[in-house]
Amino acid sequence: SIDIASAYNNIGIVYDRMGAFSKAAEIHLKSLNIRKEIKDTINIPISYTNLALINQQLNQYQVALELLIQAKRSLIKNASPFVVANILTNIGQTYYLLNEYDSALYYSNLSYDIAKRANEFYILGFACRNLGEIATGEKNYTRAIAHYKEGLTLAESSSNNYLK
């Protein structure tokens, strides 16, 4: 059921935070399989994203990217802007980690635009961080500072702690 898949998802998040990445991946995979079985199209992209983030932490960036692309493909037409922007910002971050700055910039800008239009400040902060990291990687320090300052303004004006 949806509740069982959600419970597995929550357990997986705890294992992830504990640093037990293989256990977290195992639990998130159970959640994903249940969600696929019951055709929980709203939450399937979230399961793929959780698996991708574990692989990112393990420096398995190509696997993470493949999972995030699968998450993007599985988005339903009326997915919330938060979920869409979150997936796009994670794709951008993964491309950045792969030193593919053009693709990182493309997805980070998409995420930024969606998050800004939807007033999703939490994701907007991540997008600003991504854009700052990309600009730094490209040695465009003026642009990097501008992105980081925008993220700082967002952090100061909200209760979110997304820049930690």
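Residue positions are given per chain, counting from 1 as you read along its sequence in written order. Per-residue local features are limited, in this predicted model, to residues with pLDDT of at least 70; the limit for side-chain atom pairs, both in listing and counting, is 80 or more; totals at the level of whole chains, interfaces and linings are taken over all residues. Only hydrogens and water are removed before side-chain values are computed, so all heavy atoms of the structure are retained for them.

Details of unusual backbone geometry
Piece 1. Although it is not a glycine, Asn59 sits at a positive phi angle of roughly 60°.
Piece 2. What counts as a helix is a DSSP run of H or I of at least four residues, what counts as a strand is a run of E of at least two, and both are numbered from the N terminus. Within the secondary structure, Asn59 is located in the loop between helix 3 (44-57) and helix 4 (61-73).

Topic: the packing of aromatic side chains
Piece 1. Stacked, tilted and edge-to-face are the three classes assigned to paired rings of Phe, Tyr and Trp, where Trp is represented by its six-membered ring and a pair needs centres within 6.5 Å; plane angles under 30 degrees give stacked, over 60 edge-to-face, the rest tilted. Throughout the structure, instances matching the rule amount to five aromatic pairs.
Piece 2. Each ring, one from Phe82 and one from Tyr122, has its centre 6.3 Å from the other, and the planes form 25°; the classification is stacked. Here Phe82 is found in helix 5 (residues 81-97), whereas its partner Tyr122 is found in helix 7 (residues 121-137), with 40 residues between them in sequence.
Piece 3. A simple rule labels every residue: compare its accessible area, found with a 1.4 Å probe on the protein chains alone, to the largest value its type can have, and call it buried under 20%, exposed over 50%, or partly exposed in between. Classification of Phe82 as partly exposed rests on a relative accessible area of 29%.
Piece 4. With relative accessibility at 33%, the residue Tyr122 sits in the partly exposed group.
Piece 5. Each ring, one from Tyr122 and one from Phe126, has its centre 5.1 Å from the other, and the planes form 80°; the classification is edge-to-face. With Tyr122 and Phe126 both in helix 7, this residue pair falls four residues apart, about one helical turn.
Piece 6. For Phe126, a relative accessible area of 17% translates into the label buried.
Piece 7. A connected cluster of aromatic rings, assembled from ring pairs, spans Phe82, Tyr122 and Phe126.

Concerning the pattern of salt bridges
Piece 1. Note on definitions: salt bridges are taken to be side-chain nitrogens of Lys or Arg within 4 Å of carboxyl oxygens of Asp or Glu. All chains considered together, the criterion is met by five salt bridges.
Piece 2. In this structure, Glu133 and Arg129 form a salt bridge, with 3.9 Å as the shortest nitrogen-oxygen distance. In this pair, Glu133 and Arg129 are both assigned in helix 7, four residues apart and thus about one turn of the helix distant.
Piece 3. Given a relative accessible area of 17%, Glu133 falls into the buried group.

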